[in-house]
Structure formats: C-alpha cells, structure tokens
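Each chain, written out:
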Amino acid sequence: MKMGSLAAQIYGPTTYNGSSYSWNQVSGAKFMFFTQKRKPSTFKASSGLSKSSVFSMGKKNNCSVNISKIDYGRIGQFGLVDENVCGINYSIMRSKKEGGQHPFVVTCLANGEINAEEKVNVLVIGGGGREHALCYALQRSPSCKTVFCSPGNVGISSSGDAICIPDISSDSSAVISLCQKEAIGLVVVGPEAPLVAGLANDLVKAGIPTFGPSSEAAALEGSKDFMKSLCYKYGIPTAKYQTFADPIAAKQYIKDQGAPIVIKADGLAAGKGVVVAMSLDEAYGAVDSMLVNGIFGSAGSRVIVEEFLEGEEASFFALVDGENAIPLESAQDHKRVGDGDIGPNTGGMGAYSPAPVLTKELQSLVMSSIVIPTVKGMAEEGCKFVGVLYAGLMIEKKSGLPKLIEYNVRFGDPECQVLMMRLESDLAQVLLAACRGELTGVSLKWSPGSAMVVVMASKGYPGNYKKGTVICNIEEAEEVVPAVKVFHAGTALDSEGNLVSVGGRVLGITAKGDDLQEARDRAYQATEKINWPEGFYRQDIGWRALPQKQCSSTC
C-alpha cells in the first residue's frame with residue numbers, strides 16, 4: 001500500500017493504570033495532518049513495520065505499539081492529496097493518572113518509523129508584541145494543542161493565535177490553579193518582571209514545566225551589577241565598570257574616566273534605564289536623576305558607570321536547559337527613537353534577522369567566549385539557567401571582537417517577532433526539551449531569507465504620549481503584500497469597538513522576504529497602509545545592513 005508522511009491525533013481513554021488499551025483508527029476517523037507530504041513509498045506491515053515497536057514518550061515513559069491491522073481509509077480529507085489515510089490498531093501500555101481526553105501525536109513515516117509526542121496545552125505569560133509572536137509560533141506547533149495567553153491583547157485574541165484570559169502573572173497560586181484546571185503542560189514566561197519576582201520558581205515547585213529562569217538566575221537581567229560581577233569572575237568579555245550608590249563618588253569616577261561614558265540603573269527599568277552620555281554634564285545629570293531624584297525608584301538605587309564601547313550593536317539569542325545551550329538566529333535591534341540612531345533609547349523601534357554583522361565565525365565566538373561560560377558559571381554559582389539568554393553585544397570597531405553589553409533573560413522585543421516569523425521548528429517541542437534538560441542534539445530549522453519588523457509607536461514615546469487614538473486598516477496591511485504579520489503590543493478596543501492605542505510601542509509590522517531588501521520593502525509597504533495619525537515609526541530600519549544607495553531612496 002502507498003503511505004506518505006502523516007500524523008494522526010489519537011485520543012486515549014480517561015484512565016491509564018498500566019494495563020493495555022486499544023484505539024481502533026479505521027476509515028480515517030479522528031485523523032489530523034500536520035507534517036508535510038513526503039514522496040509515497042510502498043510497504044507492507046510484515047516488512048515495513050515490525051509486529052511490535054517500542055519508542056520513547058518523553059523522558060521516562062515507554063509505549064508498546066502492536067500493529068494488529070492496517071486498513072485503507074478516506075483519501076485526502078485533511079490535507080493529503082492522492083494519499084490513503086491508514087487505520088491502525090494501537091495498543092499502548094503506560095501508567096498515567098486519571099484525566100480527560102489525552103491526545104498524542106503519532107507520526108507514521110514512509111520508511112516505517114513511528115514517532116510519538118504528547119500534545120500539550122501551553123500558557124504564555126505576558127501581553128505585548130513578544131508574546132503575540134510567541135503565541136503565533138506556538139499555535140503553528142504540531143505538538144501544541146491549545147494556546148492560552150495571560151493577559152494577552154486584542155490582537156492575539158482576534159487573530160486566533162491564543163485564548164486570552166485576565167492577567168494573573170503576579171499571583172503564582174492563580175497561575176498554578178489555571179494550569180491544573182486547563183491541563184497546561186508548558187508555561188512560557190514572556191516578560192522579565194514575573195521571572196525576577198520568582199514565578200518560575202513557584203511553577204517548577206508545583207511540577208509545571210516552565211520555560212524561564214528562576215528568580216536567582218533571572219538576576220542576570222534583574223541586577224546589572226550581578227551580571228558584571230559574573231563576567232569578571234568567569235572571564236566573559238565586557239566593558240569595564242564600577243557600581244555606585246553614592247552620587248558624589250559616581251561623579252568623581254566619571255570625571256576621572258571622561259566622556260563619552262555610560263550610566264545604567266542597576267535594576268529593571270523597562271529598557272529606559274541606560275544613558276549614553278556624550279559629555280560630563282550629561283553624565284552628572286543621569287547620576288542625579290537616578291540616585292538623587294529616584295526616577296526609576298528602587299531599580300535606580302544603584303548605578304553602574306561603564307566604559308563607552310564604539311562599534312555596531314547586535315542581539316544574540318540562545319536556548320538554555322541548565323547545562324547546554326543552542327543558538328538561535330541572529331537579529332539586530334534599533335534602540336534609539338529617531339532615524340540615524342539619534343534621540344533617547346527605547347524598548348526597540350525595529351529589528352531584522354539575520355544580522356550580517358554576526359558572521360558564522362562571530363556567532364561561534366559568542367557561544368564559546370560569552371554564552372557557554374555564562375551557562376557554566378551560573379551552574380557553578382548554584383543557580384542553573386533555564387530559558388532564553390539574550391545577549392546584547394557590541395562588535396567593537398577597533399578589534400572586531402564581541403563584548404557583552406547586557407543580558408536579558410527572555411526573548412527580545414521586537415527581535416522575537418522576526419525570529420518567530422522565520423522559525424520553522426516545532427517551538428513547543430523545543431521549549432519542552434529545554435525544560436527537561438534535553439537540548440543536546442536539538443537543531444532548529446529556519447526559513448531562508450530575512451525578516452524585518454517596523455514598530456509603530458504613539459507620538460511622544462518614549463516620553464509622554466496620548467492613549468485611546470483610533471487605528472485603522474490592520475487587515476489591509478496584512479494583505480497588501482505576501483508574508484506580512486502585524487503583531488499587537490499596546491492595543492485595545494474602545495466602547496464603540498474601534499481598535500485604539502493604549503501603549504507606547506503599539507504595533508510590530510513584520511515581513512519575510514528572500515533577502516533583507518525584500519523583507520524591508522514588504523514591511524514598509526504594509527506599515528504605510530495603516531491609518532493611524534497619532535502614530536509614528538522610524539523610516540530607516542535596516543540601514544546598517546543595506547547598501548546606502550538602496551536605503552537612502554526609501555529611508
């Protein structure tokens with residue numbers, strides 16, 4: 001018989017007690033298809049499959065599959081064209097607590113192999129553009145059953161990328177209760193604040209697989225002094241620095257070092273706690289605003305005064321399972337609010353992937369000299385890191401070598417948008433592997449070409465801005481050119497059902513292309529379609545990577 005690549009969703013009985021249960025799958029009943037069609041091949045049960053095969057289900061569970069019958073079924077009902085849907089009687093032995101319907105993905109390949117992966121419900125914590133991108137990628141994951149997001153946003157819910165529920169991120173007991181109620185098999189924590197507050201600690205203690213570091217490991221972002229101390233202890237290249245709580249001592253150090261110089265709030269400041277001071281007076285003012293005037297509260301009770309590094313910035317991401325790390329694709333953010341990288345720092349006005357500045361050689365160097373020493377150092381310090389390490393890098397102009405500017409302990413925003421647009425691997429499966437300490441041997445598949453995101457923000461951002469302004473033509477923007485997705489960050493619906501702005505950074509218009517120029521052209525064509533008079537965006541995203549003659553005409 002002919003058999004292409006197919007995946008069947010098989011629902012088990014409500015009780016697993018170690019005895020044998022059978023599912024009769026004939027005439028294509030309950031079959032759903034997720035894998036791509038493969039070239040058909042001919043096989044027979046007696047030659048292509050053994051009478052009994054054993055395969056691994058997760059870490060400890062083994063399932064015995066006894067082939068008792070193979071039958072022809074309906075043709076092409078769920079996505080396979082000119083292929084036969086196969087009915088197979090499975091007899092699976094496994095211990096499991098009682099529960100409701102329990103789904104598995106069973107993939108039968110043309111060569112006779114059978115792979116199985118338990119489908120999971122996933123909860124994403126957060127409500128910005130990063131979380132929208134994560135929900136979008138998880139929704140496409142074959143091993144993901146249902147995606148929930150707390151609190152999510154109107155764009156996430158209206159696009160069907162997740163089921164949005166009220167914000168419970170500050171209440172660990174509420175998150176645990178929801179996970180138990182909805183049989184959540186994976187929690188993905190998007191923002192840094194819940195991680196620093198210890199949400200992952202509580203979830204892991206409750207036995208819930210959680211992608212995100214403990215509060216102790218999240219100190220890599222929660223305290224810049226902790227991060228810099230770790231760098232110096234384990235020989236990780238970074239800018240020289242001193243930490244101060246006394247403004248007089250800080251100013252004396254600044255005077256001794258000279259300008260330009262960098263002043264950073266020690267704690268979390270929503271991406272706004274960094275001042276690149278080009279003069280001594282500007283540096284003194286930054287110290288006063290943080291240590292004297294307390295504009296960042298307790299986050300600015302200490303400041304790091306850091307050497308100014310000249311070069312090109314880039315973002316590097318790695319997934320970490322506590323012991324091992326695998327790299328994601330590179331990306332480059334645009335932090336300054338204005339064209340040409342001028343004005344104050346923001347949370348990010350746009351990004352693209354891959355970043356040409358991060359060559360394959362540099363990526364290998366970043367892994368060996370920065371990421372791996374960090375993972376090993378954190379393990380030695382007794383706070384193993386599980387989650388995504390986001391290394392903000394400076395590729396120094398003088399040496400051409402990477403230095404670590406800072407760590408974030410979550411996906412970057414807006415870098416996550418371009419990464420999730422390009423990711424072709426099963427995200428839920430990969431993140432579960434990280435939670436289980438099983439990243440060794442995992443490889444990721446990425447779409448070829450490039451992706452770019454252009455951030456639309458409220459006029460006045462990163463300062464004061466108006467909320468509640470109406471935004472139109474989102475659907476038209478997604479349809480004007482191919483491969484475009486608008487990720488929502490700061491949107492809501494008003495009493496009349498209009499889409500309105502409720503944040504500083506509001507939309508992330510993201511596009512893929514065969515190369516960066518095509519991705520850029522598509523992103524800006526879509527952005528220009530959006531009707532939002534109270535919004536603005538940088539017109540030069542990607543200017544460092546594109547030839548100036550190409551960028552200048554449209555930037």
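Residues numbered from 1 in each chain as written. Predicted model: local features only at pLDDT ≥ 70, side-chain atom pairs only at ≥ 80, totals over all residues. Heavy atoms only, no water.

### Side note on the overall build of the protein chain
Item 1. The helix and strand inventory of the protein chain stands at 16 helices and 33 strands.
Item 2. By residue count, 53% of the 555 residues in the protein chain fall in the buried class.
Item 3. A sequence separation of at least 24 residues applies to 68% of the contacts in the protein chain between residues at least 6 apart.
Item 4. Per element, the accessible surface of the protein chain, about 23,200 Å² overall, is 50% carbon and sulfur. (Helix = DSSP H or I, 4+ residues; strand = E, 2+ residues; numbered from the N terminus. Buried < 20%, exposed > 50% of the residue type's maximum accessible area, 1.4 Å probe, protein only. Contact = heavy atoms within 4.5 Å. Areas by Shrake-Rupley, 256 points an atom, 1.4 Å probe, with all protein chains shown as cover.)

### Regarding the sheet that holds strand β20 (residues 311–321)
Item 1. Strands sit in the order β21-β20-β26-β27 across an open sheet of 4 strands; the sheet is antiparallel. The outermost strands of the open sheet, each flanked by one partner alone, are β21 (325–327) and β27 (402–408). Mean inter-strand twist for the sheet, computed between neighbouring axes without regard to direction, equals 35°.
Item 2. Sitting on the sheet, helix α11 (residues 360–380) is in contact with β20, β21, β26 (386–396) and β27, with an inclination near 50° to β27. (Pairing = 2+ DSSP bridges. Axes fitted to C-alpha atoms, helices over the stretch in contact; angles between N-to-C directions.)

### Quick look at the sheet that holds strand β19 (residues 303–307)
Item 1. With antiparallel pairing, the 4 strands of this open sheet are ordered in space as β16-β19-β17-β18. The open sheet has two edge strands, β16 (241–244) and β18 (274–277), and neither has a second partner. Taken over all neighbouring pairs, the strand axes of this sheet differ in orientation by 20° on average, direction set aside.
Item 2. Of the strand pairs in this sheet, strand β17 (residues 261–265) and β19 are connected by 5 bridges, and their pairing is antiparallel. Opposite Ala265, over in β19, you have Val303 as the bridge partner.
Item 3. Against the sheet, helix α8 (residues 224–233) engages β16, β17 and β19, with an angle of about 145° to β16.

### Re the packing of helix α2 (residues 129–139) against helix α12 (residues 415–422)
Item 1. Running from N to C, α2 and α12 cross one another at 10°; their axes reach a closest spacing of 8 Å. Comparing their axes, α12 and α2 come out roughly parallel. Where α2 approaches α12, its residues Gly129, Arg130, Ala133, Leu134, Tyr136 and Ala137 are matched on the opposing element by Cys416, Gln417, Met420 and Met421.
Item 2. Each residue belonging to the contact of α2 with α12 can be placed in one class, and the counts come to 7 nonpolar, 2 polar and 1 charged. (Parallel < 35°, antiparallel > 145°, perpendicular 65-115°, else oblique. Nonpolar A, V, L, I, M, F, W, Y, C, P; charged D, E, K, R; others polar.)

### Side note on α8
An α-helical segment advances 3.6 residues per turn. Residues three or four places apart therefore align on the same side.
Item 1. The complete set of buried residues in α8 reads Lys224, Asp225, Met227, Lys228, Leu230 and Cys231.
Item 2. Looking at the buried residues of α8, the elements they touch are α7 (219–222), β16, β17, β19, α11 and β27.
Item 3. Downstream of α8 by a residue or two, Gly235 has a phi angle that is positive, lying close to 70°.

### As for the pairing of β27
Item 1. Across the 7 residues of β27, 5 count as buried, placing the element largely inside the fold.
Item 2. Two strands pair when backbone bridges link them, and β26 and β27 are joined in this way by 6 bridges, in the antiparallel orientation. Across the sheet, residue Tyr390 finds its bridge partner in β27, namely Asn408.

### Details of the packing of helix α9 (residues 247–257) against helix α10 (residues 280–292)
Item 1. Packing of α9 against α10 leaves a shortest axis separation of 10 Å and a crossing angle of 160°. It follows that α9 is roughly antiparallel to α10 by the angle criterion. Crossing angle aside, the handedness with which α9 passes α10 is right-handed. Contact residues: Pro247, Ala250, Lys251, Ile254 and Lys255 in α9; Leu280, Ala283, Tyr284, Val287, Asp288, Leu291 and Val292 in α10. (Left-handed = near helix turned anticlockwise from the far one by under 90°.)

### Things to note about the confidence of the model for the protein chain
Item 1. Summary statistics for the protein chain give a mean pLDDT of 80 and a share of 77% for residues scoring 70 or more.
Item 2. Long-range and interchain partners of residues 1–116, a stretch whose pLDDT sits below 50, account for 236 contacts in this model, where long-range means more than four residues apart.
Item 3. Taken as a whole, residues 549–555 scores under 50 in pLDDT and shows 9 contacts with residues more than four places along the chain or in a different chain. (pLDDT = per-residue confidence, 0-100.)

### Quick look at helix α15 (residues 516–529)
Item 1. With 14 residues, α15 ought to run about 20 Å at 1.5 Å a step, and its terminal C-alpha atoms sit 20 Å apart, in line with that.
Item 2. Of the positions making up α15, those classed as buried are Leu516, Gln517, Ala519, Arg520, Arg522, Ala523, Tyr524, Ala526 and Thr527.
Item 3. With a side-chain oxygen positioned 3.3 Å from the backbone nitrogen of Gln517, the residue opening α15 is Asp515. (Expected span 1.5 Å × (residues − 1). Polar contact = N/O pair within 3.5 Å; in protein donor to acceptor, adjacent residues only side chain to side chain.)

### Comments concerning the side chain of Glu131
Item 1. Examined against the element boundaries, Glu131 turns out to sit in helix α2.
Item 2. The exposure class assigned to Glu131 is buried, which follows from its relative accessible area of 2%.
Item 3. A distance of 3.5 Å separates the side chain of Glu131 from the backbone nitrogen of Gly127, its partner in a polar contact.
Item 4. Not counting chain neighbours up to four residues away, the residues in contact with Glu131 comprise Val124, Ile125, Gly126, Cys149, Ile156, Gly190 and Pro191.

### Some thoughts on the pairing of strand β25 (residues 350–353)
Item 1. Of the two faces of β25, the one lined by Gly350 and Tyr352 and the one lined by Ala351 and Ser353 are each fully buried.
Item 2. Of the pairings in the sheet, the one linking β25 to strand β28 (residues 450–458) comprises 4 bridges and is antiparallel in character. Across the sheet, Ser353 pairs through a bridge with Ala451, a residue of β28.

### Section: the packing of aromatic side chains
Item 1. In the structure shown here, the tally under the stated rule is 6 aromatic pairs.
Item 2. Taken together, a centroid distance of 5.6 Å and an interplanar angle of 75° make the contact between Tyr136 and Phe487 edge-to-face. Of the two residues, Tyr136 sits in helix α2 while Phe487 sits in strand β29 (residues 484–488), which places them 351 residues apart along the sequence. One exposure class covers both Tyr136 and Phe487, and it is buried. (Phe/Tyr/Trp six-rings, centres within 6.5 Å; stacked < 30°, edge-to-face > 60°.)

### Considerations on the environment of Val480
Item 1. Among the secondary structure elements, Val480 is positioned in the loop between α14 (474–479) and β29.
Item 2. The partly exposed category is assigned to Val480, whose relative accessible area is 35%.
Item 3. Expressed as a C-alpha distance, the spacing of Val480 and Arg522, which sit 42 residues apart in the sequence, is 8.5 Å.
Item 4. Once you skip the residues sitting within four places of it in the chain, Val480 turns out to touch Gln525, Ala526 and Lys529.

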